[in-house]
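# Close look at the chain arrangement
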Amino acid sequence: MKYLPKGACLALPLQLFRGNNSRPILRASVFRAGVLGEAQLKQRTIAEKISCTGIGLHSGTPVQMTLHPARANSGITFVRYDLSYPVEIPVNTASVVSTEYATTVGRGDVTVSTVEHLLAAAYGMGIDNLRVEINAPEVPIMDGSAAPFVHLIRAAGIFEQPQRRQEFRVRRPIEVRDGEKWIRVSPSRSLSVSYSIDFEHASIGRQELNRLEINDETFDRKISRARTFGFAYEVEAMRAAGLARGGSLDNAIVLDNDGILNEEGLRFPNEFVAHKVLDLLGDLSILGMRIRGHVQVHRGGHDLHCKLLAAIVEAHREGAVLDAMELESMNSRVPIPTLA
Ligand SMILES: [Zn+2]
């Protein structure tokens, strides 16, 4: 049986509403990859508020989301405004409440799920501080990739803040193993990612990305457009559990035993592993700071990614592994951020 014919979903066109305040916007030249320049040491937020409408992957109903600029050192905060009073959920390792199917953050009983593609876009675009107002318990799925959010952030413009960004450098490898799966971060001058997946499915098989330097340019070109993927039988099971009502061939690559159901096929040959890297970057951003290190993952997922975050927080508590760059030499007034 074919799963969800194309066009059967409630996908709404991306609608953009720009704010009116006119803040200075960084030129694209600031984002050139390569040597860590002065501009890359500064925190960034967006220049203007901007909104979009999409559907929730699980609810299948429209979700309205507005990104607002946020003050320096505030990080990323979701605000649920559909409740009797607004509830703020700061994104940090303590606010992760679930890593099943997607990454969910919460405060008390109030949650926002499927945050990882938006967080990946923010990380990839170098956005440190953002206020995300949302009227539903999930970020809209859009096309299943981070590209619509990259487009949204670009349309809002990027505002550089005077405060320096905080980055942590890994001094010795930290590794988490879970059966055949493993994840490791080791010392490196900049953030790079190696990722391998191995599926017993002819359309996926073994795919790997080897030591990809992560910067705005590589993120945009090689990662941001990679869509989430799933198997038709999994989606059927999720639907039976009341989930994935908004899932369709417009917002995921769906596979059955014979191959890929999407008529248009893949956007690029290694789209599956590229999406895994996208998810990883979204999950890494939950630390609230940039990591300088080489992250290697084999057969990972949100659960493993978040276990690495927990291991990093633990190592940080022990004081033996991480080094707060810049704090003494460049900006001693800024305290080391709390990781949990
Ligand atoms: Zn994903």
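What this report covers is the structure whose coordinates are included nearby. What you see as residue numbers is a count from 1 along each chain, following the sequence as written. A pLDDT threshold of at least 70 governs which residues receive local features in this predicted model, and a stricter bar of 80 or more applies before side-chain atom pairs are shown or counted, although totals over entire chains, interfaces and linings include all residues.

The next thing to look at is the sheet that holds strand β7 (residues 96–98). Read from one edge of the open sheet, three strands run β7-β8-β9, paired in antiparallel fashion. Every interior strand has two partners, whereas the edge strands, β7 and β9 (110–112), have only one. Averaged over all pairs of adjacent strands, the angle between strand axes in this sheet comes to 45°, irrespective of strand direction. Note: β7 against strand β8 (residues 104–107), two bridges, orientation antiparallel. When DSSP finds two or more bridges between two strands, those strands count as paired. Only runs of H or I of at least four residues qualify as helices and only runs of E of at least two qualify as strands under DSSP, and these elements are numbered from the N terminus. Inter-axis angles, ranging from 0 to 180 degrees, are taken between N-to-C directions of lines fitted to C-alpha atoms, where helices are fitted over the stretch in contact.

In this section: the sheet that holds strand β19 (residues 259–260). Across the sheet, which stays open at both edges, the three strands sit in the order β17-β18-β19 with mixed pairing between neighbours. Of all strands in the sheet, those bounded by a partner on one side alone are β17 (229–231) and β19. Inspection of the sheet shows strand β18 (residues 253–256) paired to β19 by two bridges, in the antiparallel sense. Note on β19: the bridge partner recorded for Leu-255 is Ile-260. Any two residues are considered in contact once their C-beta atoms, placed from the backbone, lie within 7 Å. Packed onto the sheet, helix α4 (residues 232–240) meets β17 and β18 and runs at close to 85° relative to β17.

Further remarks concern the environment of Ile-127. By the element assignment, Ile-127 lies in the loop between α1 (116–124) and β10 (130–134). Separated by 81 residues in the primary sequence, Ile-127 and Ile-46 have C-alpha atoms spaced 7.2 Å apart. Residue contacts for Ile-127: discarding those within four places in its chain leaves Arg-44, Thr-45, Ile-46, Ala-122, Ile-153 and Ile-158.

Trans peptide bonds make up most of the peptide bonds, and negative phi angles are found at most residues other than glycine. For Tyr-101, which is not glycine, the phi dihedral falls at a positive 70°. Looking at where Tyr-101 falls in the secondary structure, it is placed in the loop between β7 and β8. Owing to 18 C-beta atoms within 10 Å, Tyr-101 belongs among the partly exposed residues under this scheme. Positive phi, close to 55°, is recorded for Thr-114, a residue that is not glycine. On the secondary structure map, Thr-114 appears in the loop between β9 and α1. Residues are called buried when their C-beta atom has 20 or more other C-beta atoms within 10 Å, exposed when it has 12 or fewer, and partly exposed otherwise; all C-beta atoms are positioned from the backbone.

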